[in-house]
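Each chain is listed here by its residues.
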Amino acid sequence: MSLKIWMNDFTREPADRQQALLADLKRVLHSGRYVLDWRVKCFEALWAGACGTRFGIGVGNGMDAIEIALRASGIVPGDEVIVPAITAFATLLAVLRSGATPVVADIEPGTALLDRESARRVLSARTKAVVLVHLYGRLADMDAWVAFCNHHGLILIEDAAQAHWASVQGRAAGSFGLAGAFSFYPTKNLGAIGDGGMVVTNDEAIAATARQWRDYGRDSGRLGSPHLVPGLNSRLDELQAAFLTTRLAWLQECNDTRRKIARAYQEGIRHPLVALPALPADEASHVHHLFVVNSPVRDALRICLEERGIQTALHYPLPVHRQPACGATVRIDPAGLARAEAHAQTCLSLPCHPFLTPEEVETVVEAINDFSGWEVRV
Ligand SMILES: Cc1ncc(COP(=O)(O)O)c(C=O)c1O
């Protein structure tokens, strides 16, 4: 059976939107200005404003945004940084690349977000920061995290790669910590047509240092100015900034569509072997980058859905500390990471993108409700 319902389908972006993006392409092409120019500055101001922060620093991708946020916040080799066991590997990798040591804590039941009790257990004299991931598009209990970090003297960096415009009481993801890191990878709620990322912050010194780190460590970004830090080449280009500026106008609508899809799944899926995520009472706090269920027969369910033409995905099939690239050196919660291990074995992401039709959502619901393990012949 060939797939008909995809995790993402960018070819469905409406024709008028595609026309607007083509016009952007033409304008940038004809401008002759391609990297870190006024369109980047304009988008930086727009996105920082949209997040309620003073500064935005456009970078090459979300992973670099985390690394640069850590470095600009003063994290240095030897420092320990707490990360959740369930996240994109990029979260942990960014910590490693900053020279710091990642320490992996477990997740909460129900939400799969970083668990504070586990984070408390991994604290040491060297712990300097927490990278809090707004997993699947959901804001954590930010008051509690800000209080936790303040109490323990830790820097809070938000990995908001999946949470564009998730908000609590009008405060957006990325604006709670010392710095927030966004990815604009195409699948993200606000996605480019290629790679892109941004650091947002209210701190002027961090913004200035992040600008240096993204551009070879150069002082002012001008050719010939001295290199103050051994920086990266991680620049946002004008084309992506133009696309992102245009797509920003559609973000609210796209987020609302994702919320509708999540509601339909939540109300429609009824299966004894499929556990639905616990959704927040405050709808604004979740932008449903991903809709993830758990099932003890996940792999069988996945095969059956694929047989009916429905693509699914796994976020994430391995807790980060189990990735071979980590080696055996990463410190984890001494109580273990049982919830993360169980989540990795049972999680299943269902299609949840803004161009999915209500009929397709219904098809997914019916396919899950019809699922009986007996259909599986492997
Ligand atoms: C939670 C999280 N953090 C970081 C990243 C890294 O972003 P990028 O792919 O733009 O480097 C991603 C993207 O996959 C992500 O989902």
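Please read these numbers as outputs of a predicted model, since none were measured by experiment.

Further remarks concern the side chain of aspartate 115. Among the structural elements, aspartate 115 can be located in the loop between strand S3 (101-105) and helix H5 (116-122). If sequence neighbours within four positions are ignored, aspartate 115 has contacts with Asp106, Ile107, Glu108, Trp145 and Arg339.

Time to look at the site of the ligand. Looking at the ligand, there are 15 residues lining it, with Gly62, Asp159, Gln162, Ser183 and Lys188 nearest. The separation between a nitrogen atom of the ligand and a polar side-chain atom of aspartate 159 is 2.7 Å. Within the side chain of serine 183, a nitrogen or oxygen atom sits 2.7 Å from an oxygen atom of the ligand. The fraction of the free accessible surface of the ligand (380 Å²) that becomes covered by protein chains is 86%. Of all the elements in the fold, those that place two or more residues in the shell around the ligand are helix H3 (62-72) and helix H4 (89-97). At three residues, the largest contribution of residues to the shell around the ligand is made by H3. Looking at side-chain class alone, the shell around the ligand contains seven nonpolar, six polar and two charged residues.

One open sheet holds the eight strands; their spatial order is S1-S9-S8-S5-S4-S2-S3-S11, and the pairing between them is mixed. Of all the strands in the sheet, the pair left with one neighbour each is strand S1 (55-59) and strand S11 (331-332). Pairing of S1 with strand S9 (residues 197-201), which is carried by five bridges, proceeds in the antiparallel orientation. For valine 59, the partnering residue across the bridge sits in S9 and is glycine 197. Contacting strand S2 (80-84), S3, strand S4 (127-133) and strand S5 (155-159), H4 crosses the sheet at an angle of about 150° to S3.

Examined against the element boundaries, leucine 156 turns out to sit in strand S5. Here the alpha-carbon distance between leucine 156 and arginine 235, two residues 79 residues apart in the chain, equals 24 Å. Dropping the residues within four chain positions of it, leucine 156 is found in contact with Val130, Leu132, Met142, Val146, Cys149, Phe176, Gly177, Leu178 and Ala179.

Now for the nonpolar core. Counting residues in each nonpolar core, the largest one holds 88 residues, and the members touching the most others are Phe43, Trp47, Leu70, Val130 and Phe184. In terms of residue count, H3 provides more of this core than any other element does, six residues in total. Inspection of this core shows a minimum of three residues originating in each of domain 1 (10-105 + 112-248) and domain 2 (251-375). In terms of nonpolar packing, the next biggest core, distinct from the first, is built from 23 residues, Ile261, Ala262, Cys304 and Val365 among them.

It is worth spelling out the domain arrangement of the protein at this point. The assigned domain composition of the protein is domain 1 (10-105 + 112-248) and domain 2 (251-375). Here the C-alpha centroids of domain 1 and domain 2 sit 25 Å apart. Taken together, the contact between domain 1 and domain 2 spans 42 residues of the former and 41 residues of the latter. Where domain 1 abuts domain 2, roughly 3,300 Å² becomes buried across the two surfaces, and 58% of that area is made up of carbon and sulfur atoms. Put simply, domain 1 and domain 2 have five salt bridges between them. Close ionic contact of arginine 17 with glutamate 253 constitutes a salt bridge, the shortest N to O distance being 3.1 Å.

Thresholds applied
- Throughout this description, residue numbers start from 1 for each chain and increase along the sequence as written.
- At least 70 in pLDDT is required for a residue's local features to be given in this predicted model, at least 80 for side-chain atom pairs to be given and counted, and no such filter applies to totals for whole chains, interfaces and linings, which use all residues.
- Working from all heavy atoms in the structure, the side-chain values ignore hydrogens and water.
- Strands are runs of DSSP state E lasting at least 2 residues, helices are runs of H or I lasting at least 4, and numbering of each runs from the N terminus.
- Only heavy atoms enter the contact rule, under which two residues are in contact if any of them lie within 4.5 Å.
- Residue proximity to a molecule or strand is established when one non-hydrogen atom of the residue lies within 4 Å of it.
- In protein, a polar contact means a hydrogen-donor-capable atom and an acceptor-capable atom, both N or O and within 3.5 Å, with residues adjacent in sequence counting only if both atoms are side-chain atoms; elsewhere, any N or O pair within 3.5 Å suffices.
- Values of accessible area rely on a 1.4 Å probe in the Shrake-Rupley scheme; residue burial ignores everything except the protein chains shown.
- Charged means Asp, Glu, Lys or Arg here, nonpolar means Ala, Val, Leu, Ile, Met, Phe, Trp, Tyr, Cys or Pro, and polar covers whatever is left, Gly included.
- Two strands qualify as a pair provided DSSP detects at least 2 bridges between them.
- Lines fitted to the C-alpha atoms define the axes, with helices restricted to the stretch that makes contact. Angles between their N-to-C directions range from 0 to 180 degrees.
- Working definition of a nonpolar core: buried Ala, Val, Leu, Ile, Met, Phe, Trp, Tyr and Cys residues. They are joined through side-chain atoms within 4.5 Å.
- Partly exposed residues are those whose accessible area sits between 20% and 50% of the maximum for their type, while under 20% is buried and over 50% is exposed, using a 1.4 Å probe and protein chains only.
- These domain boundaries are the output of an automatic or database domain assignment.
- As used here, buried area is the combined drop in accessible area, with a 1.4 Å probe, of two parts when they are placed together.
- Salt bridges are identified by distance alone: a Lys or Arg side-chain nitrogen within 4 Å of an Asp or Glu carboxyl oxygen.

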